[in-house]
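Summary of the model geometry
Here is what each chain is made of, one letter per residue.
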Amino acid sequence: MTAAGTAPPSGSGARAPSPAAAGTDGLITSPRSNPALGSNRPAAPQAGPTASDSTAGRPSVVTSAAPSARPPAQAPDQPTAEPLAAPAAGRIQPGTVYRGRTTHYGADGGGNCMFDRLTDPAMPAVAMNEADYETARACGAYIQVTGPGGSVVVKVTDRCPECAPGQLDLSEQAFARIAGGVPGQVDVTWRLASPSGLGAVQYKVKEGSSAYWLALQVRQHRNLVTSLEVRVNGTWTPLRREMWNYFIAPNGLGPGPFTVRITDVFGERLVHTVNLSPGTTQQATGQFARH
């Protein structure tokens, strides 16, 4: 849900697959996207201050042992090293394996997380179930999914409101890699991944941002991001993350530039300078460590 006075932007609606059809083998065939049906995506925010194991329906949990960017107006500075923070609470945690069913749909990297559509088919996408999506906390995270046919690393780019906790809805390319030729739904395990081969962290300043209403998004982060803070009058001030994967300051934070601190699920922190350049993706320096 969004805060009073703001509304989620156009294009932020969750993937809403068409009803599944019964397969000839008794399985349910996977839901598919139908662009002709449109979506229930809400309207864009206005600029300015107007703005676990045994319980049914929960994932079985077993404890176990890049989008393109437009050039920024000004490159952010070098990240500042800071001591580790305490790991943040949340449903998806490192070192835990989750179990669930998976289907597939025509994912292209767009969706509720409001990332650009993927141009690299080698990095498939996934829509996360509503519970584990956790108000966009899962957005941008990489997870390793293992099924009867093998494993694949996918990026969380969308949410699946009708999926049960633990369930995934994979892009068709990803499903083909792990299903072993089985149509419809398959049982899988999945866990957080920390892939190599990424560039530095990026920040997107949302269109319509100003000195009086600000929305920031973190992109291309190796590990799940748990918080974003801005330094205001010498104090780190956390911004609220919306369902559409932007951290917002409803009353703005002035003309910038902003000193921004992000924290990953392992407690690592990076500090950058982000300019008030609405509609641009700014290339930072530095990246979270691999785990």
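What comes next concerns the included structure.

Thresholds, definitions, all that
Residues numbered from 1 in each chain as written. Predicted model: local features only at pLDDT ≥ 70, side-chain atom pairs only at ≥ 80, totals over all residues. Heavy atoms only, no water. Disulfide = S-S within 2.5 Å. Buried < 20%, exposed > 50% of the residue type's maximum accessible area, 1.4 Å probe, protein only. Pairing = 2+ DSSP bridges. Helix = DSSP H or I, 4+ residues; strand = E, 2+ residues; numbered from the N terminus. Core = buried A, V, L, I, M, F, W, Y, C linked by side-chain atoms within 4.5 Å. Contact = heavy atoms within 4.5 Å. Salt bridge = Lys/Arg side-chain N within 4 Å of Asp/Glu carboxyl O. Phe/Tyr/Trp six-rings, centres within 6.5 Å; stacked < 30°, edge-to-face > 60°. Lys NZ or Arg CZ within 6 Å of the ring centre and 35° of its normal.

Quick notes on the state of the cysteines
Here a disulfide denotes a covalent bond joining the sulfur atom of one cysteine to the sulfur atom of another. Applying the stated criterion across every chain, the model contains 2 disulfides. Between the sulfur atoms of C160 and its disulfide mate C163 the distance is 2.1 Å. Its torsion about the S-S bond being 65 degrees, the disulfide of C160 and C163 is classed as right-handed. Each member of the pair, C160 together with C163, is buried.

Concerning the sheet that holds strand β12 (residues 240–241)
Within the open sheet, the 5 strands sit side by side as β12-β13-β9-β8-β16. Their pairing is antiparallel. Either end of the sheet is taken by a strand with one partner, and the two such strands are β12 and β16 (281–283). Inspection of the sheet shows strand β8 (residues 202–205) paired to β16 by 3 bridges, in the antiparallel sense. Considered in β16, the bridge of Q202 is made with Q283.

Overview of the nonpolar core
In globular proteins that are soluble, nonpolar side chains generally tend to be buried together. Of all hydrophobic cores here, the largest spans 29 residues; its most connected members are M128, I143, V145 and W190. Mapped onto this core, the elements with two or more residues apiece are β3 (125–129), β4 (142–147), β5 (150–160), β6 (168–171), α2 (172–178) and β7 (186–193). The dominant element in this core, judged by the number of residues it contributes, is β7, at 4 residues. For V145, the residues in contact, after removing those within four places along its chain, are G150, S151, V152, V154, L168, L170, I178, V188, T189 and W190. Of all hydrophobic cores here, the second largest spans 19 residues; its members include L216, A249, F258 and I262.

Considerations on the pattern of salt bridges
All chains considered together, the criterion is met by 10 salt bridges. E134 is paired through a salt bridge with R137; the nearest N and O atoms lie 3.8 Å apart. Between E242 and R240 there is a salt bridge whose closest N-O contact spans 3.0 Å. Residue class for E242 comes out buried when judged on its relative accessible area of 1%. A residue is classified by how much of its surface remains accessible, and R240, at 36% relative accessible area, is partly exposed. Overlapping salt bridges, with partners in common, bring together K204, K206 and E207 in one network.

Overview of the packing of aromatic side chains
Per the counting criterion, the structure on display carries 2 aromatic pairs. Note on Y98 and W190: the rings are 4.7 Å apart at their centroids and 25 degrees apart in plane angle, and the pair reads as stacked. One end of the pair, Y98, is in strand β2 (residues 96–105); the other, W190, is in strand β7, and 92 residues separate them in sequence. Comparing Y98 with W190, the two get one shared label, buried. For the pair W244 and Y246, a centre-to-centre distance of 5.7 Å together with 40 degrees between the ring planes defines the contact as tilted. For the pair shown, W244 and Y246 are each scored as buried. One residue, K155, lies across the ring of F115, its end atom 4.7 Å from the ring centre. The residue whose ring lies beneath K206 is Y246, and the NZ or CZ to ring-centre distance is 5.9 Å.

Concerning the environment of V145
Relative to the assigned elements, V145 resides in strand β4. Considering only alpha carbons, one finds V145 and T189, 44 residues apart in sequence, at a separation of 5.9 Å.

What about the environment of L216?
Checked against the element boundaries, L216 lands in strand β9 (residues 214–219). By relative accessible area, L216 is classed as buried at 0%. Between the C-alpha atoms of L216 and V274, which are 58 residues apart in sequence, the distance is 9.2 Å. For L216, the residues in contact, after removing those within four places along its chain, are K204, V205, L228, V230, L239, Y246, F247, V260 and V274.

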